[in-house]
Amino acid sequence: MPYNMFEKEEFMKTTSEALEFGRIQAAIKQYTHSEVAKDYIEHLAMFSHREELQDALATLKEMIETLVRFSSWPLNSSFDLFPIITNGKKGGILTPLDIDHVATDIGQSNDIKRFFGKLDRDYPFLKEIVADFFDLTPLQKEIHRVIAPNLTIYDEASAALKSIRQRMRRQEQKINEKVNRLAGLYSSFLSDNLLTIRDGHYVLPVKTSEKNKVNGIIHDISDSGQTTFIEPNEIVVLNNEMVALKNNELEEIRRILRALTMLIISEEDHLLANNKLIGLIDFYSAKAKYALEINATIADVNTQSTIKIKSARHPLLDQNKVVANDFSFTMEERIVIISGPNAGGKTVALKTVGLLILMHHAGLAIPADEGANICFIKNIYVDIGDSQSISDNLSTFSGHIANLVSITSEAKSNDLILIDELGTGTDPDEGAALAEAVVKFLLEKNVFAMISSHYSGLKIMAINTQGLINASMIFDEHKLEPTYRMSLGVPGSSYGVMVAKRLGLNTRIIDTAKFILNNQGTSDIAL
C-alpha cells in the first residue's frame, strides 16, 4: 500500500518540536472530515523506506491534480467505526446514531467509487486505494429500511412494531377523548386546559387548593406549589395499558437494534477496512488542500546524495511577506557554515531547511519552486534554541553539549544535522576550537549539515576544507537592517557594532568599539 504513517511512533520528538512540525499537522487537520484522517495526521512521521516515500508523494500528486480539476472529493463527516463495532462485539446494542454512522460510511464508500469512476484520467495510486472498497450496499439498505433520517425507527421496521404502534395510536385516542371529557367536567378546578403527561401517564393540572375535588393519583406538584398533577381514577387503567404498550414498543425496538447490531458485526472486517480507506482518501485530500493553500510543490526523491531546493519558504510565516531562499547540499559541499548578523535570519534559514525536508520525508508537499530535488534522509537531528534545563540542572552550554553528544553518537551517513550557534556559551577560544572539532567529526560522518556561527575560524575552515561551504545572511549596510536573504559561497559578517548602533547604543561606546576593532586588525566586518 502507498502509505505507512505509523512505522515511527516515537518519531524524533525533539526534532519535531524544535521545527514546530506540530503546527503543520494542526493546519492540515483543519481540512479533514474524518476521525481516521485526523489520527493519520497525528502520527505523521518520516518514512523509513525510499519506495514508500515515493509512493506516498506520487499519491499526493494525483490527489492534488484531481482537486485542481474537480475542487473536492465526495467527503463528509466520517466517524471512527472501531469503538462502535467493538461495543457491539462486547454485547452492547448500537444506538440509532451509531448505526447511522455505519450507513453514512457505506454511502461515502459508494460515492467515492462513483466519483473516481467518472474521472477521465488514470490515477494508478488513487485507483489502488479506491479498488479496495467493499460493496456493502445491502447493509446500507437494511439500515435505511429500519432507521429514519431523524434517527427514529420506522413503523415498518417489523410487523410487530407496526402492530404495537397502531394499538398505541388507538389507545392514545381513547385517552384523549376520556381526558378531554374529564377536563370539561373538572374545568373549574384546573389551572389550565393543556393536556399534560407525567411519568408516562396523562394527568390533569389541578389547582392545589382544589385537589381534593378530583379523585385520582398524584404524580407531581409544580415548582410554585400552585398546581397538582393528578391522574383521575377514570383513566388509570387506560394509562397503564398505554405504559404496557410503550414497554412493548421499547422491547421490540431493542430487538430490532440488536438484530442490526449483529448484522453490522458480521461485516466487521469490511466495514473497518472501508472506514480506514475513507480516512486515507480524506488524509490525502487534506494534505493536498494544504499544499494548494501554501502554494507548495512535490519534491523529487533522488539517489545522488544531493539536496536542491529553490525559493524555499518557511510555511509558518506569512506567505505574502516571507523571504524565499535557495538551499543546496552536494557530495562536495555537504556542510554549510552560515554566518551573518544576529536577528538576520540564520535560525529561520536552519528551521526552513529542516522543516521542509521533514515535511517532504513525511510525504508532504513543500513551499518551494517546482523542481526541488531531495535525496532520501532517514533522520534529522537539531540543536536549535535554548537547551537550558532547570530540572536537569543544566546550563545553556551543558544543554547544547548534551544535544551534541546524542547527535555525534547517533547520526549516520546522509542524515541531516542542524546546529544553531555551535560552540557558544563558553570561553570564545574554547568554543571556537570545539566548533571546529565538531565540524571535522561531522565531515568524517558523511552527514549533511547546516551550522550557524559567528566564529571566524569556522568561516576560514569552510574556505579551505573540502566538503564545507560558507553561506551568509545578507545585511543592508545602507539601511542598517537585515534582508533575510541568504548568499551561498561567501562568509557573512556579524555586523555587531553596526547593529548595536542601529539599536541605539551610546555613540561613545560605538566609536570606542570601532577603534578597538581597527587597532586589532581582526575586524569581523573585514572578513
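Source: prediction; values computed, not measured.

*Asks:* What is the right way to read the overall build of the protein chain from this model?
*Replies:* Within the protein chain, the secondary structure is distributed over 17 helices and 14 strands. Taken against the 2.2 N^0.38 rule, which gives 24 Å for 527 residues, the C-alpha radius of gyration of the protein chain at 36 Å runs more than 25% over that of a compact globule. Taking the principal axes of its C-alpha atoms as reference, the protein chain extends roughly 115 × 60 × 40 Å. Looking at the protein chain as a whole, 49% of its 527 residues qualify as buried. Nonlocal contacts in the protein chain, meaning residues at least 24 apart in sequence, comprise 71% of its contacts between residues at least 6 apart. Accessible surface, the protein chain: about 25500 Å² in total, of which carbon and sulfur atoms supply 51%.

*Asks:* Mind showing me how you'd approach the nonpolar core here?
*Replies:* Generally speaking, soluble globular proteins have nonpolar side chains that are buried together. In terms of nonpolar packing, the biggest core is built from 83 residues, with W73 and M450 touching the most fellow members. Tallying contributions element by element places helix α11 (residues 268–293) first for this core, with 10 residues. Those residues within four positions of M450 in sequence are excluded, and the remaining contacts are F327, F329, V336, I338, A349, L350, V353, I417, L418, I419 and M486. Formed by 23 residues, the second largest nonpolar core is a distinct cluster that contains I85, A103, I253 and L272.

*Asks:* Can you help me understand empty space enclosed by the protein in this one?
*Replies:* Take a probe with the size of a water molecule and roll it over the atoms, and the empty space left behind shows itself. Overall, the coordinates contain 2 cavities of 30 Å³ or more when judged by the stated rule. Computed from the structure, the largest cavity encloses a volume of approximately 50 Å³. In terms of lining, the largest cavity is formed by D383, F397, H400, I401, L404, I419, D420, E421, L422, G423 and T424. For the lining of the largest cavity, the leading source of residues is helix α13 (residues 396–410), giving 4 residues. Partitioning the lining of the largest cavity into residue classes produces 5 nonpolar, 3 polar and 3 charged. Lining the second largest cavity are I28, L60, K287, Y290, A291, I294, A296, L364 and A365. Taken together, the residues of the lining of the second largest cavity sort by class into 8 nonpolar, no polar and 1 charged.

*Asks:* Explain the packing of helix α3 (residues 35–42) against α11 here, please?
*Replies:* When two helices pack together, their arrangement is given by the angle between the helix axes and by the axis-to-axis distance. For the pair α3 and α11, interaxial distance at closest approach is 7 Å and the crossing angle is 60 degrees. Between α3 and α11, the angle is such that the two are oblique. Note that α3 runs across α11; the crossing there is right-handed. Across the interface between the two elements, V36, A37, Y40 and I41 from α3 touch N275, K276, G279, L280, D282, F283 and A286 from α11. Here the contact of α3 with α11 is built from residues that sort into 7 nonpolar, 2 polar and 2 charged.

*Asks:* Hey, could you run me through the confidence of the model for the protein chain in this one?
*Replies:* Note that predicted coordinates carrying low pLDDT should not be read in detail. Overall, the prediction assigns the protein chain a mean pLDDT of 88, with 92% of residues at 70 or greater. Every residue in residues 387–394 is under pLDDT 50, and counting partners more than four places away or in other chains gives 10 contacts.

*Asks:* Would you take a moment to explain helix α9 (residues 159–185) for this structure?
*Replies:* Along an α-helix, a turn takes 3.6 residues, which lines up residues three or four apart on a common side. Along its 27 residues, α9 runs 39 Å from first to last C-alpha, staying within 8% of the 39 Å computed at 1.5 Å per residue. Listing the buried residues of α9 in full gives L161, I164, R165, M168, Q171, I175, V179, L182 and A183. Against the buried residues of α9 lie β2 (201–207), β4 (227–232) and α10 (236–266).

*Asks:* Help me out: how do you make sense of the environment of S339 in this one?
*Replies:* As for its position among the elements, S339 is in strand β8 (residues 333–339). Sequence-wise, S339 and N446 are 107 residues apart; in three dimensions their C-alpha atoms are separated by 22 Å.

*Asks:* Mind showing me how you'd approach the sheet that holds strand β5 (residues 300–302) here?
*Replies:* Adjacent strands of a sheet form backbone hydrogen bonds with each other and so pair up, either parallel or antiparallel. Spatially, 4 strands are ordered β5-β9-β6-β7 in an open sheet, and the strand pairing comes out mixed. Looking at the sheet topology across the chains shown, the edges are occupied by β5 and β7 (325–329). Geometrically, the sheet is characterised by an average inter-axis angle of 30 degrees between neighbouring strands, direction not taken into account. Packing against the sheet, helix α12 (residues 346–361) makes contact with β5, β6 (307–312), β7 and β9 (373–375), and its axis sits at approximately 115 degrees to β6.

*Asks:* How should I be thinking about the sheet that holds strand β11 (residues 416–419) in this particular structure?
*Replies:* Here we have 6 strands laid out as an open sheet, ordered β10-β11-β12-β8-β13-β14, and mixed in their pairing. At either margin of the open sheet sits one strand with a lone partner, and together these are β10 (380–383) and β14 (481–488). For this sheet, the mean inter-axis angle between neighbouring strands, taken without regard to orientation, is 15 degrees. Where β10 lies against β11, 4 bridges are found, and the strand directions are parallel. Residue pairing in the sheet places Y381 in a bridge with I417 of β11. This element, helix α14 (residues 428–445), spans β8, β11, β12 (448–452) and β13 (467–476) of the sheet and lies at about 155 degrees to β8. Those strands touched by helix α15 (residues 456–464) are β8 and β13, and its axis lies near 125 degrees from that of β13.

*Asks:* Honestly, the pattern of salt bridges in this entry has me stumped. Any pointers?
*Replies:* The full count for this structure, using the stated rule, is 12 salt bridges. A salt bridge links E252 to R255, with the nearest nitrogen and oxygen atoms 2.8 Å apart. Residue E252 and its partner R255 are located together in helix α10, separated by 3 residues, close to a single helical turn. Exposure remark for R255: the relative accessible area of 40% places this residue in the partly exposed category. Close ionic contact of K346 with E421 constitutes a salt bridge, the shortest N to O distance being 3.9 Å. Of this pair, K346 sits in helix α12 while E421 sits in the loop between β11 and α14, placing them 75 residues apart in sequence. Of the residues examined, K346 reaches a relative accessible area of 4% and is grouped as buried. Members of the salt-bridge network, linked through shared partners, are D155, R165, R169 and E249.

*Asks:* I would appreciate a short explanation of the packing of helix α6 (residues 96–118) against α10 in the present structure.
*Replies:* Contact geometry of α6 with α10 gives a least axis separation of 11 Å together with a crossing angle of 35 degrees. When the axes of α6 and α10 are compared, the crossing they make is left-handed. Residue-level contacts link P96, I99 and V102 of α6 to L257, L260 and I264 of α10. Of the residues that constitute the contact of α6 with α10, the class distribution is 6 nonpolar, no polar and no charged.

*Asks:* Sorry, what's going on with unusual backbone geometry here?
*Replies:* Most peptide bonds take the trans configuration, and most residues that are not glycine carry a negative phi. A positive phi angle, close to 60 degrees, is found at S305, a residue other than glycine. Looking at the secondary structure, you find S305 in the loop between β5 and β6. Given a relative accessible area of 14%, S305 falls into the buried group. Positioned with a positive phi, N446 is a non-glycine residue whose angle comes to about 65 degrees. Structurally, N446 is set in the loop between α14 and β12.

Rules used throughout
Counting restarts for each chain: residues are numbered from 1 in the order of the written sequence. This being a predicted model, a pLDDT of at least 70 is required before a residue's local features are given, and a value of 80 or more before pairs of side-chain atoms are given or counted; all residues contribute to the totals for chains, interfaces and linings. Computation of side-chain values: all heavy atoms of the structure, hydrogens and water removed. Counting from the N terminus, the helices are the DSSP runs of H or I reaching at least four residues and the strands are the DSSP runs of E reaching at least two. Note on method: radius of gyration uses C-alpha positions; expected globular size equals 2.2 Å times residues raised to 0.38. Think of it in three bands: residues with accessible area under 20% of the maximum for their type are buried, residues over 50% are exposed, and the middle band is partly exposed, with areas taken using a 1.4 Å probe on protein chains only. Only heavy atoms enter the contact rule, under which two residues are in contact if any of them lie within 4.5 Å. With residues, only the protein chains shown are counted as cover, and all accessible areas are computed by Shrake-Rupley using a 1.4 Å probe. Each nonpolar core is a collection of buried residues, namely Ala, Val, Leu, Ile, Met, Phe, Trp, Tyr and Cys, held together in the definition by side-chain atoms within 4.5 Å. Cavity means a closed set of points on a 1 Å grid over the protein atoms alone, one where a 1.4 Å probe fits but cannot get out, pocket means an open set with protein on both sides within 12 Å along at least 5 of 7 lines, and lining means a residue has an atom within 4 Å of a point. Grid points are joined across faces, edges and corners, and a volume is the space filled by probe spheres set on the points. Gly falls in the polar group here, along with every residue not listed as nonpolar (Ala, Val, Leu, Ile, Met, Phe, Trp, Tyr, Cys, Pro) or charged (Asp, Glu, Lys, Arg). Here an axis means a line fitted to C-alpha atoms, over the contact stretch when the element is a helix, while the angle between two N-to-C directions is reported on a 0 to 180 degree scale. Angles below 35 degrees are treated as roughly parallel, those above 145 as roughly antiparallel, those between 65 and 115 as roughly perpendicular, and all remaining angles as oblique. Handedness of a crossing is defined here by the sense of rotation of the near helix relative to the far one, left-handed for an anticlockwise turn of less than a right angle and right-handed for a clockwise turn. The pLDDT value expresses, per residue, how confident the predictor is, ranging between 0 and 100. Expected helix span is taken as 1.5 Å per residue step, with the number of steps being one fewer than the number of residues. A strand pair is defined by DSSP finding two or more bridges across the two strands. Each reported salt bridge corresponds to a side-chain nitrogen of Lys or Arg within 4 Å of a carboxyl oxygen of Asp or Glu.

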